[in-house]
Amino acid sequence: MTAPAPTGLFGPLREQLTEAAAAFAGSPDALAGILAGMVNDVDRALRERLEIFPVCHHSPASALAMARRLRARPPKVIYLELCEDLRPLLDELRNCRLPVAVQAFATELDGFPAEWSPLSVVAPVTEASAEYQAIAYALDTPGVELVLVDRSTDHVFQWTHRDDTGPEWGSGAPSSDEDAGLHGDAVGVEIGDLRPRFAELEAHLLHHGKVRHWSEWWDQYVERPLADADHDTYRQVMVLIGSLFRRLRPSRSARDERDEDRERYMWTRMRQHLAESGADPADCLYVCGAFHAASHVEQFGLDSTAPDFPISPRTGTRWRYGLIPSSHSAIEAQFGLAPGTVSIAAANWTAAVGRTRLTPYRLAGQRTEKKGRRSRSAAPVPAGPATDRLSGFLAAPPVLDELDEAELRGWCVDIVRLARRNGYLASTADAIAVFETSILLATMRNRARPTPYDFADAAVTCIEKDVVPGRRDVRRLCEILLGGDRVGQVGYDSLPPLARDVLDRLRPLGLDLERRTVQRALLDLRADPALAPCSDLLWMLRHLLPADAVRPIMGERRLGHRSEQESWDLALGRNQRALIELGYEGVTVEQVLEQRLRRAVRGPDATAARALAAVEDAIRLLDSPRLVDELGARAVELLAAERTVDDAPEVLRRIRRLLAHHRTTGPVLPAWCRTFVTTGYAHYCTLLPTAFVDESTGVRQVGAMLGFLFSMESLALSLGCDRTQLELAVAQAHPEAPAKLALLWAARHQLGLLPLARLREQCAELLANPLVVPAFPQYLSGFVHALEPVPGLAPFVVETMSSAFAGLPDPVLLPWLPTLITTLREHGPELVPLLVREAERTFPATLPALDAWSPPWAAAPTPSAASAPSPGTGPVHGLLVAYPEAVDAVAALLGCSGDWQPLADDGTSPDDGASVLLAAHPATAHAVAALLAD
């Protein structure tokens, strides 16, 4: 590129740079083209009829220059680089304490991929920013119009994709500070992103500037020189910097194209507004980032003949708008700034305002409003052609600030005091060392006055040593000392209706819920029943807000139970952002909760277990029978559509709890409960054979399926199900895994197909087989899971385990003992307590009793039938024969019909099953006879 002829306002400067480039590079081509192009960009921006005011985001120098410009020559129209649909929210800033962020939020997407939900855009606003000065001036000055001209929040996502890695999606590293997450994963929109997009250039600047990060370089070489610069010098230098970073960048990327589209968008909007309003461009001011001030797009300038940029329509996504609290650390984390950058900028802003005696603009009635100092009259800003101030600024040596010893001494004393409070062994000697080291570091870095960055480095060097005793290190203490991590707050009048409703309904607690501290609320519902609505609301907020916002200390809310006394830790002020975003979803908490429960059961990842959880939440929190029936019907649909049984344990646990609740609170079960039982019975019977042989299905899931089938069997049969379906499902199951095989044996035993004696024999055969003994813990795991569907097997499992420990030799027992413990811990932790209780009931409680104790399963053999008395003889038989009326009455009561069978010659009934049973087990008859004899 060839430099143009040295004409115009910056002709001498352009000629001087071209000659310097030729002498430096040996050729006037590449470098000269870049330098001359930068001067051309400055000349082009200054010649524009619409005055362009370049800024850098959260820059005290930009804020000071803006305040001076507005007081010296007030404009009537301000065009601001900010999303145009955020304009109505700016009026609410007067009710807030800065910093806060203007937010657009959407959960119901139309035109964007569903996996992007929720979408959120935030634009942080701090007092030490040029945009806030412009906003405060425009809103409090009659006759001044503020127009936002940047793309809408909908276009932010139309032009951006989730796979982009630009800072627009938040490039900051995660911070451990809780206030750093106030913006969440929202997309950040800022004015004036002035940072080299060329990594080598940034590294070069940091190295030769003897600084650690970009924020320190900007503070030393741009902020401080421009803090007291006049209007023309400020504009020319800022445009020059924007042009430098624009020209020294790598090859074009998607972000560059998006930035140029933003510039076309903004110039198109400004042209349209000027045409509609008829405003004079001389009375207008265009506030944008310095990067955009050096734009090369064809729509640049009011005199451009290029057609307007075609703006695509917005999608059908419904956006909700509001203000959320922000903080210095949240801004730093989102935009990739060094920790402490915004706090130091705020401290520099306060010092500059005091030094220059300039009264900044603040919104009337704002909670941050302070008594302003007497304003020094601002220097008049010339309305005519600008003069060349850039040449003098670039050629002049840096202005050396005098050392403010009082300020530095105060910092050193305060940091030592703060360090001692946080556990450091700091003393007066350390304060002196920090003072001298700060001056030394500033001198080594070519600074006459130590900056906050020099002071922080000196404090870390002199105080921190090699041990950090507390949670905060010395650098964090310096940030607190220089301004702290200020956290903003949205005022009551600017909160959405839901948030105001929550604060109003919790007012009977007598707490200031807008404070950021954790407050304890005590509710005695028995002594003060009027607090019951507060309790209901707190339980709903517990379900909707983060865990630390509303935390119960005492009391619980479960099905059929409400505590009479409750204790809560409330931190709603600290979680104001979550409460505000909750207000974007509805007008009341009840409405939001109902919508979320419906979404939970209608979403693509909805399952029957989640639907039952939603039913339980609806009963506990809302007490809405209509909603419960709707969610329950959806649970039936989801259960019938499931093809896996992964959630069977949770389904069983929740449906048992819900059935118990409905049985105790109503005369009949709801229709959806009856349908769920019948559907689940048929569903699990169908999937049972496959689940037994499927390797991906665990033994816990199969046990839960059997638990559902056996525990719900009586209810299912009464509702019309067929038990034959379960018998066929068990008969078709042919598992090979030991645990599932044990489950099958338990199921067959429950169905009466496998007697306990035969089951005991099979286990004895397993223990007698040396090849099977190593896998016996897996059989025991299956029997433990069988306690869910067949709890009556608990004595048998204790017997089997005791027999194994008693009969197996140590060389066999010890190798699989660790496997047994780990298997039981992994597969049946909730069922092992059943075995422990059964063992406690079976075994003696004292050691002396253990010596004379014999296990029940090793009792004396059953007496022979010959020695046992005939069940057909004896006093009981004679009593029944002599007085049959009692037996007839009991039979009639039970609905049994029949006649007395004739007795045989020996006095017994022929083919009497009861006689056979009594002969096999005479102990029961003996006990009854002894009871009657007494």
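Residues numbered from 1 in each chain as written. Predicted model: local features only at pLDDT ≥ 70, side-chain atom pairs only at ≥ 80, totals over all residues. Heavy atoms only, no water.

Describing the pattern of salt bridges
Okay, so step 1: Counting across every chain of the model gives 45 salt bridges.
Okay, so step 2: Between Arg 262 and Asp 150 there is a salt bridge; the shortest N-O distance is 2.7 Å. Placement of Arg 262 in helix α9 (residues 254-277) and of Asp 150 in strand β5 (residues 145-150) is noted, with a sequence separation of 112 residues between them.
Okay, so step 3: With relative accessibility at 8%, the residue Arg 262 sits in the buried group.
Okay, so step 4: Of the residues examined, Asp 150 reaches a relative accessible area of 1% and is grouped as buried.
Okay, so step 5: A salt bridge links Glu 556 to Arg 558; the shortest N-O distance between them is 2.1 Å.
Okay, so step 6: What makes Glu 556 partly exposed here is its relative accessible area of 37%.
Okay, so step 7: A relative accessible area of 42% places Arg 558 in the partly exposed class.
Okay, so step 8: Taken together, the shared-partner salt bridges connect Glu 81, Asp 150, Asp 259 and Arg 262 into one network. (Salt bridge = Lys/Arg side-chain N within 4 Å of Asp/Glu carboxyl O. Helix = DSSP H or I, 4+ residues; strand = E, 2+ residues; numbered from the N terminus. Buried < 20%, exposed > 50% of the residue type's maximum accessible area, 1.4 Å probe, protein only.)

What to know about the sheet that holds strand β13 (residues 565-570)
Okay, so step 1: A sheet is described by the order of its strands in space; here three strands give the open sequence β9-β13-β10, paired in antiparallel fashion. The strands lining the two open edges of the sheet, one partner per strand, are β9 (519-524) and β10 (550-554). Strand-to-strand, the axes of this sheet are offset by a mean angle of 25°, without reference to chain direction.
Okay, so step 2: The pairing of β10 with β13 spans four bridges and is antiparallel. Across the sheet, residue Arg 551 finds its bridge partner in β13, namely Asp 569. (Pairing = 2+ DSSP bridges. Axes fitted to C-alpha atoms, helices over the stretch in contact; angles between N-to-C directions.)

Remarks on the packing of aromatic side chains
Okay, so step 1: This model, assessed by the stated rule, comprises 17 aromatic pairs.
Okay, so step 2: Seen from their ring centres, Phe 112 and Trp 116 are 6.0 Å apart, and the 20° between their planes marks the pair as stacked. You'll find Phe 112 and Trp 116 in the same group, each marked buried.
Okay, so step 3: Site record: aromatic cluster; members linked through ring pairs are Trp 745, Phe 776, Tyr 779, Phe 783 and Phe 796.
Okay, so step 4: Stacked on the ring of Tyr 361, the Lys or Arg Arg 71 has its end atom at 4.1 Å from the ring centre. (Phe/Tyr/Trp six-rings, centres within 6.5 Å; stacked < 30°, edge-to-face > 60°. Lys NZ or Arg CZ within 6 Å of the ring centre and 35° of its normal.)

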